[in-house]
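Residues per chain, in single letters:
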Amino acid sequence: MPPETVQLHDLLADIRSCHHCEPELPLGANPVLRASASARLLIIGQAPGTRVHATGIPWNDPSGDRLRDWLGLDQAAFYDESRIAIVPMGFCYPGRGKSGDLPPRPECARLWHERLLSLMPEVELVLLVGSYAQGHYLGKSRETLTARVRRWRDFGPRFIPTPHPSPRNTLWLRRNPWFEQEVVPELRRRVAGLL
């Protein structure tokens, strides 16, 4: 096995046994992520919801259905860990807030992201799903998510920012038809070319 694969295997074992934030997590620690040294596409989202927490399968919910549609992938391709890495900003369910799930715990990105990405040398495209991933990887900004996603070409070819595919964002998608007219076809083209 290549050294990156061994190192990544060990790092994933460390992450999956992490209990750093457990006192703050209402359902306890259950880090959910997928990664491999051969992955070419990296999807960075927010944090698992309750269904993902229960199943341990990332994007195993209606948000995942919409995301797979945006990417033009069926479940088998989407969950092919050798080609697609899924690394949220927070690996565990953060709990419920007033208007939905709480933000991802900030510790995960600080503790693990840099090391994870350094062991995935084949990644060519990073999909930044939602404002937390975009803020971390593209820099904090006063710019709205809409404005940032509208400028998606400015972050290429490595990054493509998207809104969260949650059913809660259906109104956003209706108000911003350019996303599905311009960004989604490019996403599908890029993903098909990589995989």
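Because the structure is predicted, anything quoted here is derived from the model rather than measured.

Reading the values: rules and limits
Residues numbered from 1 in each chain as written. Predicted model: local features only at pLDDT ≥ 70, side-chain atom pairs only at ≥ 80, totals over all residues. Heavy atoms only, no water. UniProt positions renumbered as here; feature names shortened; annotations may be inferred. Helix = DSSP H or I, 4+ residues; strand = E, 2+ residues; numbered from the N terminus. Pairing = 2+ DSSP bridges. Axes fitted to C-alpha atoms, helices over the stretch in contact; angles between N-to-C directions. Parallel < 35°, antiparallel > 145°, perpendicular 65-115°, else oblique. Contact = heavy atoms within 4.5 Å. Nonpolar A, V, L, I, M, F, W, Y, C, P; charged D, E, K, R; others polar. Disulfide = S-S within 2.5 Å. Buried < 20%, exposed > 50% of the residue type's maximum accessible area, 1.4 Å probe, protein only. Phe/Tyr/Trp six-rings, centres within 6.5 Å; stacked < 30°, edge-to-face > 60°.

## Describing the UniProt feature "domain: Uracil-DNA glycosylase-like" (unreviewed entry) in the chain
Piece 1. In this numbering, the UniProt entry assigns the feature "domain: Uracil-DNA glycosylase-like" (unreviewed entry) to residues 32-188.
Piece 2. Taken end to end, residues 32-188 has its terminal C-alpha atoms 25 Å apart, with 40% of it in helix and 13% in strand.

## Here we look at the sheet that holds strand β2 (residues 84-86)
Piece 1. In space, the 4 strands of this open sheet follow the order β2-β1-β5-β6, with parallel pairing throughout. Pairing within the sheet leaves two strands with one partner each, and these edge strands are β2 and β6 (159-162). Looking at each pair of strands side by side, their axes are set apart by 20° on average, direction ignored.

## Overview of the packing of helix α3 (residues 62-71) against helix α9 (residues 178-194)
The axes of two packed helices give the description: the angle between them and the distance between them.
Piece 1. In contact at an axis separation of 7 Å, α3 and α9 are set at 75° when each is read in the N-to-C sense. For the element pair α3 / α9, the angle class is roughly perpendicular. Contacts from Asp69, Trp70 and Leu71 of α3 reach α9 at Phe179, Glu180, Val184, Leu187, Arg188 and Val191.
Piece 2. Residues belonging to the contact of α3 with α9 are distributed by class as follows: 6 nonpolar, no polar and 3 charged.

## What to know about the state of the cysteines
Piece 1. For the structure on display, the rule yields 0 disulfides.
Piece 2. Free of any disulfide, cysteine 108 has its nearest cysteine sulfur in cysteine 21, 5.2 Å distant.
Piece 3. Residue classification places cysteine 108 among the buried positions, given a relative accessible area of 9%.

## A few points about the pairing of β6
Piece 1. Of the two faces of β6, the one carrying Phe159 and Pro161 and the one carrying Ile160 and Thr162 are both buried.
Piece 2. Where strand β5 (residues 125-129) meets β6, 4 bridges bridge the pair, whose relative direction is parallel. Note on β6: the bridge partner recorded for leucine 128 is proline 161.

## Points about the environment of glycine 135
Piece 1. For glycine 135, the location among the structural elements is in helix α6 (residues 131-138).
Piece 2. Among the residues examined, glycine 135 registers a relative accessible area of 9% and is labelled buried.
Piece 3. If sequence neighbours within four positions are ignored, glycine 135 has contacts with Lys140 and Arg148.

## Describing the side chain of threonine 162
Piece 1. As for its placement among the helices and strands, threonine 162 is situated in strand β6.
Piece 2. Contact partners of threonine 162, with chain neighbours within four places excluded, come to Trp70, Leu127, Leu128, Val129, Gly130, Gln134, Leu145, Val149, Phe179 and Leu187.

## Structural notes on the packing of aromatic side chains
Piece 1. In this structure the tally under the stated criterion is 6 aromatic pairs.
Piece 2. Judged by centre distance (4.9 Å) and plane angle (65°), the rings of tryptophan 70 and phenylalanine 179 are edge-to-face. Of this pair, tryptophan 70 sits in helix α3 while phenylalanine 179 sits in helix α9; the two residues are 109 residues apart in sequence, bridging distant segments of the chain.
Piece 3. Of the residues examined, phenylalanine 179 reaches a relative accessible area of 0% and is grouped as buried.
Piece 4. Seen in terms of ring centroids, tryptophan 172 and phenylalanine 179 are 5.9 Å apart; in terms of plane orientation they differ by 70°. Their pairing is edge-to-face. You'll find tryptophan 172 and phenylalanine 179 in the same group, each marked buried.
Piece 5. Through successive ring pairs, a cluster of aromatic residues spans Trp70, Trp172, Trp178 and Phe179.

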